[in-house]
Amino acid sequence: MLDATTGLEPRQGKIVAAFAAVYLIWGSTYLAIRFAIETIPPHLMASVRFLVAGAILYAWARARGAPRPTLPNWRAAVIVGGLLLLGGNGAVVWAETRVPSGVTSLLVATVPIWMALLDARSNGGRRPAPAVIGGLVLGLGGLALLLAPGRLAGRVDLLGAAALLVGSFSWAFGSILSRTAKLPKSGFLAAAMEMLAGGVWLLLFGLLTGQAGQLTMSALSAKSLASLAYLIVFGSLVGFTAYIWLLGATTASRVSTYAYVNPVVAVLLGWAFAGEAMTLRTMLASAVIVAAVALIIRYGARRAETPGQEHSLPKQPTPAPAPRQATAR
């Protein structure tokens, strides 16, 4: 039966809405991070985001019958959560103090490149498919175009870019490690535990680097606080729930298209709402990197693509499907 307003069947309407959430919400989190860290120190902001979201998701998962996690479950969450959220998201929030949010999203979009390289190494050095190799070469070319000096306008801060590349590698490594880590079978519970563990890592790092002394409660802006709330509710809960639901409603390869849609959304939002420059360098690099990610994701999957097959957690920024990735955007 079709909906009189949308002309879609109810299930189709839900799929469209869920894709819109994953595409638009996760694409917008880069801009929300930029606004949030205007008056909140970056790692403390990320810490609050994931501790609050993780606590809500943990309580929800347990209330729905997820078994109490074991000590090995928590050990795995501490390791994977550290790689994903301190290494991955921590790099994003710090780099956005130096790099525009749109460019940040492009550099985070390199996660599938790292994952493809790590996958090849973990599979006994088996050579990737030719299309994946082409995607890797194309992706490296896009990075060179974005970061190399030249006559094109809009050179990127190299220290911030380096932090993002290291963070993307940390995210990819944590994603690969999560496949064999002793995490709970419930994807929601595993993600909640990773958020809680990662939130503690981020808090400790923020305190050790003196960010508490940079926090002035009277200076907190309404825009920063609203952006933090948006990241908690929409970025970490609504978008994540939509992603998990989609994995059971359609194929993983279709869901993974968010990895090359999000950067486009982020670049456009940064230009429209934060006055970030839309330079020739950025536009060309965007096209090259997005094309590379599309090739890697499209031809890099080794598993049969059937609805409900994988219940993996996503990224930040993020990447080809991998089991139990937490959302780091």
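Let me begin by describing the structure that accompanies this report. (Residues numbered from 1 in each chain as written. Predicted model: local features only at pLDDT ≥ 70, side-chain atom pairs only at ≥ 80, totals over all residues. Heavy atoms only, no water.)

What follows is about the overall build of the protein chain. Along its length, the protein chain carries twelve helices and zero strands. When the helices and strands of the protein chain are placed in sequence order, the string is α-α-α-α-α-α-α-α-α-α-α-α. A burial count over the protein chain gives 53% of its 329 residues as buried. Excluding contacts between residues fewer than 6 apart, the proportion of contacts in the protein chain whose partners are at least 24 apart in sequence is 85%. Entry remark: accessible area of the protein chain is about 14300 Å², with carbon and sulfur atoms responsible for 68%. (Helix = DSSP H or I, 4+ residues; strand = E, 2+ residues; numbered from the N terminus. Buried < 20%, exposed > 50% of the residue type's maximum accessible area, 1.4 Å probe, protein only. Contact = heavy atoms within 4.5 Å. Areas by Shrake-Rupley, 256 points an atom, 1.4 Å probe, with all protein chains shown as cover.)

Let's shift gears to helix α9 (residues 222-249). When the terminal C-alpha atoms of α9 are compared, their 38 Å separation across 28 residues agrees well with the 40 Å that a helix rising 1.5 Å per residue should span. At leucine 231, α9 shows its strongest bend, of approximately 30°. (Expected span 1.5 Å × (residues − 1). Bend = angle between axes of the 7 residues up to and from the residue.)

This part covers helix α4 (residues 101-108). What sets the pattern is the α-helix's 3.6 residues per turn: residues three or four places apart point alike. Burial within α4 is extensive, with eight of its eight residues counted as buried. Residues of α4 that are buried include every one of Ser101, Gly102, Val103, Thr104, Ser105, Leu106, Leu107 and Val108, and no others.

In this section: the environment of threonine 70. Following the sequence through the fold, threonine 70 ends up in the loop between α2 (42-63) and α3 (71-95). Since its relative accessible area comes to 39%, threonine 70 is described here as partly exposed. Remark: the alpha-carbon pair of threonine 70 and leucine 183, spanning 113 residues in sequence, is separated by 8.9 Å.

Ranked by size, the top nonpolar core spans 81 residues in total, and within it Met45, Leu57, Leu107, Leu146 and Tyr243 carry the most contacts. When neighbours within four sequence positions are excluded, leucine 57 is seen to be in contact with Phe188, Ala191, Ala192, Met195, Leu237 and Phe240. If you look at the next biggest cluster of nonpolar residues, it comprises five residues, including Ile113, Ala116, Val132 and Ile296. (Core = buried A, V, L, I, M, F, W, Y, C linked by side-chain atoms within 4.5 Å.)

A word on the side chain of serine 28. Structurally, serine 28 can be placed in helix α1 (residues 10-36). Taking the relative accessible area as the measure of exposure, serine 28 reaches 11% and is therefore buried. Engagement of the side chain of serine 28 in a polar contact is seen with the side chain of tyrosine 230, the distance being 2.6 Å. Apart from the residues within four sequence positions on either side, serine 28 is in contact with Tyr230, Val265 and Leu269. (Polar contact = N/O pair within 3.5 Å; in protein donor to acceptor, adjacent residues only side chain to side chain.)

Glancing now at the environment of proline 100. Summarising the element assignment, proline 100 is placed in the loop between α3 and α4. For the pair proline 100 and valine 156, spaced 56 residues apart in the sequence, the C-alpha separation amounts to 8.6 Å.

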